[in-house]
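Architecture and fold: a report
This is what each chain is made of:
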Amino acid sequence: MFKNYRLVIALLLFCAGMLNYLDRAALSVMAPLVKKDLGIDDAQMGILFSCFFIGYCLFCFLGGWGADRFGPRRVYAWAATIWSLFCGATALVTGFGHLLIVRMLFGIGEGPMGTTTNKSIANWFPRQEVGRAVGFTNAGQPLGAAIAAPIVGLVGLNYGWRIAFVVIAALGFVWVACWLLLFRDKPEQHPRVSQAESQLIMQQRPASQSTSTPQQDNHSLWRYVFSLPVLGVASAFFCFNYIQYFFLSWLPSYLTDFQHLDIKSMSIIGILPWLGATVGFLGGGVVCDMLFRRTQNFLLSRKLVIFVGLAVAALCVLLTAWSQSLAGAVTLITLASVFAYMTPQACWSLLQDIVPAGRIGTAGGFVHLLANLAGILSPGITGFLIQYGGGYHTAFVLASVLALAGMLLLALLVRQKGVNTLRALATH
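It should be emphasised that the depicted structure is a prediction, and the values quoted were computed from it without experimental measurement. (Residues numbered from 1 in each chain as written. Predicted model: local features only at pLDDT ≥ 70, side-chain atom pairs only at ≥ 80, totals over all residues. Heavy atoms only, no water.)

1. Section: the overall build of the protein
For the protein, the count of helices and strands is 20 helices and zero strands. Taking 428 residues into account, the globule formula puts the C-alpha radius of gyration at 22 Å, and the protein, at 20 Å, falls close to it. Looking at the 428 residues of the protein, the share that counts as buried comes to 61%. The contacts in the protein between residues at least 6 apart in sequence include a share of 86% that link residues at least 24 apart. Roughly 15,800 Å² of accessible area belongs to the protein as shown, and the carbon and sulfur atoms make up 69% of that amount. (Helix = DSSP H or I, 4+ residues; strand = E, 2+ residues; numbered from the N terminus. Rg over C-alpha atoms; globule rule 2.2 N^0.38 Å. Buried < 20%, exposed > 50% of the residue type's maximum accessible area, 1.4 Å probe, protein only. Contact = heavy atoms within 4.5 Å. Areas by Shrake-Rupley, 256 points an atom, 1.4 Å probe, with all protein chains shown as cover.)

As structure tokens, this is what we get:
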């Protein structure tokens, strides 16, 4: 028996996020070598970054639905197996068309990750720990992007970019084995969880107090997913994701093409924004729970974190557009990452509180689908702006404007009256 077995669950989810973003960032880090080897230009690279999210967005929703219906253990195991397989298959591509197909299939595997993580946290953590749990588990994502720069960059330089993808795929398969061994869908199903811990979690789970399953809930799923509060959370998440995928896809190229770093230097300096993002994830979760303890207002505590995070990120991204020095640009991008990455865990935990427990996977999947449309738009738009529309300056300005739009939509759509209406649905 473990006194706090949920810490093991948090560590598993942390490692999943780290591997997921290590996989995802690998192409960005290797972009200069891949472009040269396969004869790909910036506009085509933007399309490659974007096509990943076609499969990804669809399976955000289907993965969330599957997590509600079949449980997160089974869904996550299949998802991680598929994304690891196609990460390794990247090493076999011979041209733009092959890479386009592999990236799309790769996205299908990674699609269920965010919503299945959120479903797992909703099942395994009491309400007062949700902010920290989401913050810690999701902190693995930017940390994965951070270590992608030195690991993938150095492996690629020494052994070739294809070998880098094979190494990452092998790590993914190791994680799947650990997940199946150590995880169960709920603490009450796990033989290593003490009765005291199981009772604590069961009595204080987040989301609605309703314990109904989707089959027992008489209200249409669409009544939840098209409600104003859920759409407001999705809007804020979308605007954060636009910045995230802008950095994830194009930061290595910005450092090499605009700031004129070589791949080795970029691999080191490129760590800094993602370390800042890791701090933001961890700090945002702690701040969310601290504000909740002081105000006893779950909605207010989450909205404040999202507002401040997007506001500071918007300012830093805007200033980067006019920064000419490497030190100034990297400092601003790192600060933008710290504050921007305070917002997603606030969005996830806010969603857990306003959507019934039996619908959190599917509703979360729908929100993640809408939010990750930014993954289709951001890399592709940025690629065309770099090549045809004013370069990186215009790309930074657009990302800043969208962050401000996310703040406005959150204020207009996520209100206490709408949240209370959703909660009332769960009890009737």
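2. Some thoughts on the packing of helix α7 (residues 130–159) against helix α8 (residues 161–182)
For any two helices packed against each other, the geometry comes down to the angle between their axes and how far apart the axes lie. Here α7 crosses α8 at 130°, and the two axes come no closer than 7 Å. Classified by the angle between their axes, α7 and α8 sit oblique to one another. Handedness of the crossing formed by α7 with α8: right-handed. Taking contact as the criterion, the partners of Val 152, Val 155, Gly 156 and Tyr 159 in α7 are, on α8, Trp 161, Ile 163, Ala 164 and Ile 168. Split by residue class, the contact of α7 with α8 holds seven nonpolar, one polar and no charged. (Axes fitted to C-alpha atoms, helices over the stretch in contact; angles between N-to-C directions. Parallel < 35°, antiparallel > 145°, perpendicular 65-115°, else oblique. Left-handed = near helix turned anticlockwise from the far one by under 90°. Nonpolar A, V, L, I, M, F, W, Y, C, P; charged D, E, K, R; others polar.)

3. So, unusual backbone geometry
Even without being glycine, His 260 reaches a positive phi, approximately 65°. On the basis of relative accessibility, which here comes to 66%, the residue His 260 falls in the exposed class.

4. Observations concerning the nonpolar core
Among soluble globular proteins, nonpolar side chains are generally buried collectively. Membership of the largest hydrophobic core comes to 133 residues, with the highest contact counts inside it found for Val 34, Met 45, Val 152, Trp 175, Phe 247, Trp 274 and Phe 396. In terms of residues, this core owes the most to one element, helix α11 (residues 228–258), which gives 18 residues. Residues in contact with Val 34, not counting those within four places in the same chain, are Leu 27, Gly 39, Ile 40, Met 45, Leu 99 and Trp 161. (Core = buried A, V, L, I, M, F, W, Y, C linked by side-chain atoms within 4.5 Å.)

5. Focus: a nonpolar patch on the surface
On the surface, Tyr 159, Ile 163, Val 167 and Leu 171 cluster together to form a nonpolar patch covering roughly 400 Å² of accessible area. It is α8 that contributes the most residues to the nonpolar patch, three residues altogether. (Patch = residues over 30% accessible without salt bridge, like charges linked within 9 Å, V, L, I, M, F, W, Y side chains within 5 Å. Salt bridge = Lys/Arg side-chain N within 4 Å of Asp/Glu carboxyl O.)

6. Digging into the side chain of Ser 235
With respect to the helices, strands and loops of the structure, Ser 235 is situated in helix α11. At 2.8 Å, the side chain of Ser 235 and the backbone oxygen of Leu 231 are in polar contact. Those residues in contact with Ser 235 that lie beyond four places of it in its chain are Gly 406, Leu 409 and Leu 413. (Polar contact = N/O pair within 3.5 Å; in protein donor to acceptor, adjacent residues only side chain to side chain.)

7. Side note on the pattern of salt bridges
In this structure the tally under the stated criterion is five salt bridges. Between Asp 68 and Lys 119 there is a salt bridge whose closest N-O contact spans 2.7 Å. Highlighted residues: Asp 68 in helix α3 (residues 42–70) and Lys 119 in helix α6 (residues 113–124), separated in sequence by 51 residues. Classification of Lys 119 by relative accessible area gives buried; the value is 9%. Put simply, Arg 6, Glu 129 and Glu 197 are held in one network by salt bridges that share partners.

8. Focus: the packing of aromatic side chains
Counted under the stated rule, the structure contains 26 aromatic pairs. Relative to Trp 175, the ring of Tyr 76 has its centre 5.2 Å away and its plane inclined at 55°; by these criteria the two rings are tilted. Of this pair, Tyr 76 sits in helix α4 (residues 72–89) while Trp 175 sits in helix α8, and the two are 99 residues apart along the sequence. Trp 175 shares its class with Tyr 76; the two are buried. Aromatic side chains Phe 237 and Phe 240 sit 6.2 Å apart centroid to centroid with 50° between the ring planes, which places their arrangement in the tilted category. Of this pair, Phe 237 and Phe 240 both sit in helix α11, three residues apart, roughly one helical turn. What makes Phe 237 buried here is its relative accessible area of 3%. Taken together, the aromatic side chains of Tyr 5, Tyr 76, Trp 124, Trp 175, Trp 179 and Phe 183 make up a single cluster linked through ring pairs. (Phe/Tyr/Trp six-rings, centres within 6.5 Å; stacked < 30°, edge-to-face > 60°.)

9. Quick notes on the confidence of the model for the protein
Mean pLDDT over the protein: 83, with 92% of residues reaching 70 or higher. Every residue in residues 207–216 is under pLDDT 50, and counting partners more than four places away or in other chains gives 20 contacts. (pLDDT = per-residue confidence, 0-100.)

10. Things to note about the packing of α11 against helix α16 (residues 343–354)
Following both chains from N to C, one finds α11 and α16 inclined at 165°, their axes separated by 10 Å at the closest point. In terms of orientation, α11 and α16 fall into the roughly antiparallel class. Every pair of crossing elements has a handedness; the one defined by α11 and α16 is left-handed. Facing Pro 229, Val 230, Val 233, Ala 236, Phe 237 and Phe 240 of α11, the residues of α16 in contact are Thr 343, Pro 344, Cys 347, Trp 348, Leu 350, Leu 351 and Ile 354. Tallied by class, residues from the contact of α11 with α16 come to 12 nonpolar, one polar and no charged.

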